[in-house]
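# Tertiary structure, described
The lines below spell out each chain.
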Amino acid sequence: MNTIKLGPVIRLAQSSEMPVAIFQATAAQILSIARVERADRRQDGRLVGFQRPQIQAHIHEIQDYLNEDEAPILPNAIVIGFCGGASIKKDMLVVDTADAPPGWVVDGQQRLTAATRAQNQNFPLLVSAFLCRSVAELHKQFILINSTRPLPRDLIYELMPGVEGLPPRLSDRTAAALLVEALNYRDGSPLKGMIKQHTNRAGVIKDTIIQRVLMASLSDGALSAWRDDTSQLLGPGYAMVANFFAAVKECFADDWEGQTPKTSRLVHGVGLVAMGYVMDALAFDRDARSKDDFVAGLQPLVGRTAFRGGEWQFTDQRRLWHTLQNTGADYQLLATHLVSLVRRPRGLRLVGDPES
């Protein structure tokens, strides 16, 4: 057992379940007990790490400051989280580094990196360490610590699945985040690898757009039936969404395969949001759940769209295909039009549609 002791520490009487201790250490000492792990995905789609990429300009500014002749100070703490491998004994933090540094840098990675490059390698840094019980709890603390700063929203959304007890302003997206993760990483998903996330920059569809589609359905659409049951949401809820997009890919292959938001409005925000309402309409009106159900329900749209060229003929206006944008007005315009088309074969008419 390789043990590192740092201290003396001051133990704060903040939480009986999550001990917190503060102490000073050099950058090298911190890196001997903790790691900076970037958010990434393993081959099976499992999320590991949570830190955003380094901001080199910011690091260089801090490094230059630390190298100045006048005595520099860095009063903000480097925050480290442990999920085992560490304990507080008397006035020392005792860390077992037999396998690898067991801690994670939760906050202050730019300052820590700058300190490792500074001329004075013995510069003392303020460290705040907390001991938690699980990785989910560690993610929760990371979100809460960083959510008031300009942390990338897509990174926060990726960390939400599996984290409980978040404030309402953050937890509203949790159900949608779970579905986005499943759609982007499950084998067999028609959207696998297509959703652009913090850990998947190669995706062509923005995760915030897919979240908008799913949140609308979760609010008062077809997915609302499974909103409060995670197992059902990731079971029949996921299957319904996956089957719908599989049907979309089949019915509109030329508008989907190999396209980007610039070349096709079907994979653009306005098309995806509108098609989300089509999914809900088919689920409610036709009880569509399987891919075949959705393929049948989408037939009234085949040959009557302008996702990649031409113009849309709406009730009171014509619009060139590329003029539809990510605005509330265009979302409503296209959604109302598409839903009216899939409903007409059933003898249904939207309020405001012209009489046939």
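Everything that follows concerns the structure shown earlier in this document.
Reading guide: rules and limits
- Residues numbered from 1 in each chain as written.
- Predicted model: local features only at pLDDT ≥ 70, side-chain atom pairs only at ≥ 80, totals over all residues.
- Heavy atoms only, no water.
- Helix = DSSP H or I, 4+ residues; strand = E, 2+ residues; numbered from the N terminus.
- Buried < 20%, exposed > 50% of the residue type's maximum accessible area, 1.4 Å probe, protein only.
- Contact = heavy atoms within 4.5 Å.
- Areas by Shrake-Rupley, 256 points an atom, 1.4 Å probe, with all protein chains shown as cover.
- Pairing = 2+ DSSP bridges.
- Salt bridge = Lys/Arg side-chain N within 4 Å of Asp/Glu carboxyl O.
- Disulfide = S-S within 2.5 Å.
- Core = buried A, V, L, I, M, F, W, Y, C linked by side-chain atoms within 4.5 Å.
- Phe/Tyr/Trp six-rings, centres within 6.5 Å; stacked < 30°, edge-to-face > 60°.
- Lys NZ or Arg CZ within 6 Å of the ring centre and 35° of its normal.

## A look at the overall build of the chain
Secondary structure summary: the chain contains 13 helices and 15 strands in total. When burial is assessed residue by residue, the chain has 51% of its 356 residues classed as buried. For the chain, contacts bridging at least 24 residues in sequence account for 65% of all contacts bridging at least 6. Element-wise, carbon and sulfur atoms account for 48% of the exposed surface of the chain, whose accessible area totals about 17300 Å².

## Focus on the sheet that holds strand 11 (residues 125-131)
Taken in spatial order, the six strands of this open sheet run 2-3-11-7-10-4, and their pairing is mixed. Of all strands in the sheet, those with a lone pairing partner are strand 2 (10-12) and strand 4 (34-35), marking the two edges. The pairing of strand 7 (residues 78-82) with strand 11 spans five bridges and is parallel. Paired with Val79 across the strands is Ser128, a residue of strand 11.

## Comments concerning the pattern of salt bridges
By the definition in use, this model includes nine salt bridges. With a shortest N-O distance of 3.1 Å, Arg319 and Asp330 are connected by a salt bridge. Placement of the pair is Arg319 in strand 15 (residues 318-320) and Asp330 in helix 13 (residues 328-343), with a sequence separation of 11 residues. Residue Asp330 is classed as buried on the basis of its relative accessible area, which comes to 8%.

## Section: the state of the cysteines
A covalent bond between the sulfur atoms of two cysteines is what we call a disulfide. Summed over all chains, the structure comprises zero disulfides. Of all cysteine sulfurs, the one in Cys83 lies closest to Cys132, which takes part in no disulfide; the gap is 3.4 Å. Overall, the relative accessible area of 9% leaves Cys132 in the buried class.

## Some details on the nonpolar core
Core analysis: the biggest nonpolar cluster contains 61 residues, and Trp256, Met275, Val278 and Leu298 have the highest contact counts within it. Where this core is concerned, the elements lending two or more residues are helix 7 (174-185), helix 8 (207-220), helix 9 (230-251), helix 11 (269-285), helix 12 (291-298) and helix 13. When residues no more than four places from it in sequence are discounted, the contact partners of Val278 are Phe244, Leu298, Leu301, Leu338, Val339 and Val342. Core analysis: the second largest hydrophobic core is formed by 30 residues, Ala27, Ile30, Ile80 and Val127 among them.

## Some words on the pairing of strand 11
When you tally the buried positions in strand 11, you get six out of seven residues, the bulk of the element. Pairing between strand 3 (residues 20-25) and strand 11: six bridges, direction antiparallel. Following the sheet pairing, Val20 is matched in strand 11 by Phe130.

## Topic: the packing of aromatic side chains
For the structure shown, the criterion picks out six aromatic pairs. An angle of 75° between the planes, with centres 5.4 Å apart, marks the rings of Phe244 and Phe245 as edge-to-face. Accessibility classification places Phe244 together with Phe245 in one group, the buried group. Between Phe244 and Phe294, the ring centres sit 5.3 Å apart and the planes meet at 80°, which makes this aromatic pair edge-to-face. Taken together, the residues span a long stretch of sequence, with Phe244 in helix 9 and Phe294 in helix 12 at a distance of 50 residues. For Phe244, a relative accessible area of 0% gives the class buried. Among the aromatic residues, those joined into a cluster by ring pairs are Phe244, Phe245, Trp256 and Phe294. Sitting over the ring of Tyr238, Arg186 keeps its end group 4.2 Å from the ring centre.

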